[in-house]
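# Report on the structure
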Amino acid sequence: MSLIHKFVQDNDYYVVDVNTGTVHSIDEMVYDLLDEEQLKSKEELVKLFSYKYSEEEINEVYDEILELIKEEMLYTPDLYEDIARNSTKGASFIKALCLNIVHDCNLRCQYCFADEGEYKGCRKSMSIEVGKKAIDFVIKHSGPRKNIEIDLFGGEPLMVFNNIKEIVEYAKEQEKIYNKNIRFTMTTNATLLNDEIMDYLDKNMGNIVLSIDGRKEVNDKVRVRVDGSGSYDKILPNIKKMVERRDKTKQYYARGTFTRNNTDFFEDIMHLANEGFDEISVEPVVLPDDHPLSIRKEDLPKIFVQYDKLYKEMLRRHKEGNEFKFYHFNINLQGGPCVYKRISGCGAGHEYVAITPDGEVYPCHQFVGNESFKMGDIFQDVLDDGIANKFKEAHIYNKPKCSGCWARFYCSGGCQANNYNFNGDVHIPYEIGCEMQKKRIECAIALKAKTM
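Structure report, in brief. (Residues numbered from 1 in each chain as written. Predicted model: local features only at pLDDT ≥ 70, side-chain atom pairs only at ≥ 80, totals over all residues. Heavy atoms only, no water.)

### Focus on the overall build of the chain
What counts is decided by this rule: Strands are runs of DSSP state E lasting at least two residues, helices are runs of H or I lasting at least four, and both sets are numbered from the N terminus onward. Here the radius of gyration uses the C-alpha set of atoms, whereas the globule reference equals 2.2 Å times the residue count to the power 0.38. To sort residues, take the accessible area from a 1.4 Å probe on protein chains only and compare it with the maximum for the residue type: under 20% means buried, over 50% means exposed, and anything in between is partly exposed. Contact definition: two residues touch when any of their heavy atoms are within 4.5 Å. Methods summary: accessible areas were calculated by the Shrake-Rupley approach with a probe of 1.4 Å, and residue burial reflects only the protein chains presented. We score Asp and Glu as negative and Lys and Arg as positive, and we do not count His or the chain ends. Working definition for charges: the position is that of NZ of Lys, CZ of Arg, CG of Asp or CD of Glu.
In terms of helices and strands, the chain carries 17 helices and 15 strands. Since a compact globule built from 452 residues should have a radius of gyration of about 22 Å, the 24 Å found for the chain is in line with a globular shape. Taken over the C-alpha atoms alone, the chain extends approximately 75 × 50 × 45 Å along its principal axes. Each of the 452 residues in the chain was classed as buried or not, and the buried ones make up 53%. A fraction of 70% describes how many contacts in the chain between residues 6 or more apart in sequence connect residues 24 or more apart. Approximately 20300 Å² of the chain is accessible, and the part contributed by carbon and sulfur atoms is 47%. Charge separation in the chain, taken as the distance between the mean sites of 60 positive and 75 negative side-chain charges, equals 4 Å.

Shown next as structure tokens:
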């Protein structure tokens, strides 16, 4: 099991104490002397590195390392396993809801997890009745939790804008009655935005995710209309206008996807940054290996180069005072998520669920349509505890490959849906996703260390 992780980012040396998250900026000599599983004896290190360092130098540095170990800043033992085991014993309360407001879309994006908006051939929208019932459901199952997140999702949710307004209004009424704080977010392809809708979203959405894949030539190959034409010329002005009028206290993301066709996605990130967006997320597509757009193992070296280039650019812009935020480089070195969040991730299936237009309940939107993961429905209001418990217990200590990985408290075992879809088991991580995540974490740690 890795107790520390050492890495080099742009010729700078770092070591992370895995179990405390403490980050040390170090020199090459300290880097050489440290071993990820345990510190070798002084005698061993003198023998190993006598060609490079003097015995006096090694003795001095070795004593400094021992002092850090004594202060529990290096090689700290894992104190969280008992917390993880005990966390599965209590009651579950839902704190977040993916409301699949419509299983339909006016685009036909070639990588869409929902079969280009069809959701396995079934196009339908959520009625106001089902939407209100979903609000009742999440309030009831939130238990003592005051804060509730509801993501209005699709397909394209703005295809049923009038229904959204009524459902949100109902939620506002109910949160007052039940002393809850309901925060809405929305993911939209931005094609249907107009002044009325933008004004409404700005006032009522805590976060808006605006989908665009970067450069016009990249976007228009994959984010296409029914007739095959591109969407860039329509959505870019809409997204810009939405961001310009966005209340600065509220969040947004210009959110893209990169595929095998644009593994030079650094250029797409820079395109969005140069268009004036300062909250950017460009994420790898997740598709079966035989899909022409899927990311494959042989693509990883080029992808890692893109993250390295992004690290350098973000560091340069920080120094110049012209920063933007990149979602996957956001990291908190001084606390971060609670212990439970670090070991269990998004909470799919027990803290977070998805509700379909018919009122069916699934662990998350990526499991929708897979009957073996149907947890129940909001009308009978009986959830399958077996499925909930399966996800609840799928924390990092029940994932053999994760329990010894240095990145376990940053990625929390990866996406449960990706794990299942690639390996048939939520306990086996999606390997390509793991490798990309570890690279992003290293870049994020180094960037934070340089800019704190």
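### Side note on the packing of helix α5 (residues 128-141) against helix α6 (residues 161-178)
Inclusion rule: Geometry is summarised by axes, namely lines fitted to C-alpha atoms with helices restricted to the contacting stretch, and by angles between N-to-C directions that run from 0 to 180 degrees. Each angle gets one of four labels, with under 35 degrees taken as roughly parallel, over 145 as roughly antiparallel, 65 to 115 as roughly perpendicular, and the rest as oblique. Take the far helix as your reference; a near helix turned counterclockwise from it by less than a right angle gives a left-handed crossing, and one turned clockwise gives a right-handed crossing. The classification used treats Ala, Val, Leu, Ile, Met, Phe, Trp, Tyr, Cys and Pro as nonpolar, Asp, Glu, Lys and Arg as charged, and all other residues, Gly among them, as polar.
In contact at an axis separation of 9 Å, α5 and α6 are set at 30 degrees when each is read in the N-to-C sense. Between α5 and α6, the interaxial angle falls into the category roughly parallel. Once α5 is placed against α6, the crossing between them reads as right-handed. Judged by residue contacts, Ile128, Gly131, Lys132, Ile135, Asp136 and Ile139 of α5 engage Asn163, Glu166, Ile167, Tyr170, Ala171, Gln174 and Tyr178 from α6. Grouping the amino acids of the contact of α5 with α6 by side-chain chemistry returns seven nonpolar, three polar and three charged.

### Observations regarding the sheet that holds strand β10 (residues 251-258)
Remark on secondary structure: sheet strands pair via backbone hydrogen bonds, oriented parallel or antiparallel. Heads up, the rule is: We call two strands paired when DSSP finds no fewer than two bridges between them.
Strand order in the open sheet made by the 10 strands is β12-β11-β10-β9-β8-β7-β4-β13-β14-β15, with mixed pairing throughout. Bordering the open sheet on either side are β12 (325-326) and β15 (376-377), each of which pairs with just one other strand. Looking at chain direction, strand β4 (residues 96-100) and strand β13 (residues 352-355) are connected through four bridges and run parallel. Within β13, the position partnered with leucine 97 by the bridge is valine 353. Each of β4, β7 (147-153), β8 (181-188), β13 and β14 (360-362) is contacted by α5, which is oriented at about 150 degrees to β7, the strand it contacts most.

### Describing the state of the cysteines
Note the following rule: Cysteine sulfurs are considered disulfide-paired once they come within 2.5 Å of each other.
Tallied over the entire structure, the rule returns zero disulfides. Cysteine cysteine 105 shares no disulfide, and the gap to the nearest cysteine sulfur, in cysteine 109, comes to 6.0 Å. According to the relative accessible area criterion, cysteine 105 is buried, its value standing at 12%. Just so you know, cysteine 415 is unpaired, no disulfide at all, and the nearest cysteine sulfur is the one on cysteine 364, 6.0 Å from it.

### Re the packing of helix α7 (residues 195-204) against helix α9 (residues 232-245)
Packing of α7 against α9 leaves a shortest axis separation of 10 Å and a crossing angle of 45 degrees. Between α7 and α9, the angle falls in the class oblique. For α7 against α9, the interelement crossing comes out right-handed. Counted together, Asp195, Met198, Asp199, Leu201 and Asp202 of α7 and Asn238, Lys241, Met242 and Arg245 of α9 form the full contact between these two elements.

### Brief notes about a negative patch on the surface
Counted only if it meets this: Here, patches come from residues exposed beyond 30% relative accessible area and free of salt bridges, joined within 9 Å for like charges and within 5 Å for nonpolar side chains (Val, Leu, Ile, Met, Phe, Trp, Tyr). Any carboxyl oxygen of Asp or Glu within 4 Å of a side-chain nitrogen of Lys or Arg constitutes a salt bridge here.
A cluster of acidic side chains, namely Asp27, Glu56, Glu57, Glu60 and Glu64, defines a negative patch on the protein surface. Mapped onto the secondary structure, glutamate 60 falls in helix α3 (residues 55-70). The exposure class of glutamate 60 is exposed, given its relative accessible area of 52%.

### What about the pairing of strand β2 (residues 12-17)?
Pairing of strand β1 (residues 4-9) with β2, which is carried by six bridges, proceeds in the antiparallel orientation. Bridge pairing in β2 links phenylalanine 7 to tyrosine 14. Turn length for the β1-β2 hairpin, with the two strands adjacent in sequence and antiparallel, is two residues, and the turn residue aspartate 10 shows positive phi of about 55 degrees. Alignment of β2 against strand β3 (residues 23-26), held across four bridges, turns out to be antiparallel.

### A few points about the sheet that holds β3
The three strands lie next to each other as β1-β2-β3, forming an open sheet whose pairing is antiparallel. Edge positions in the open sheet fall to β1 and β3, since each of these has one partner strand only. Sheet twist, expressed as the mean angle between neighbouring strand axes with direction ignored, is 25 degrees.

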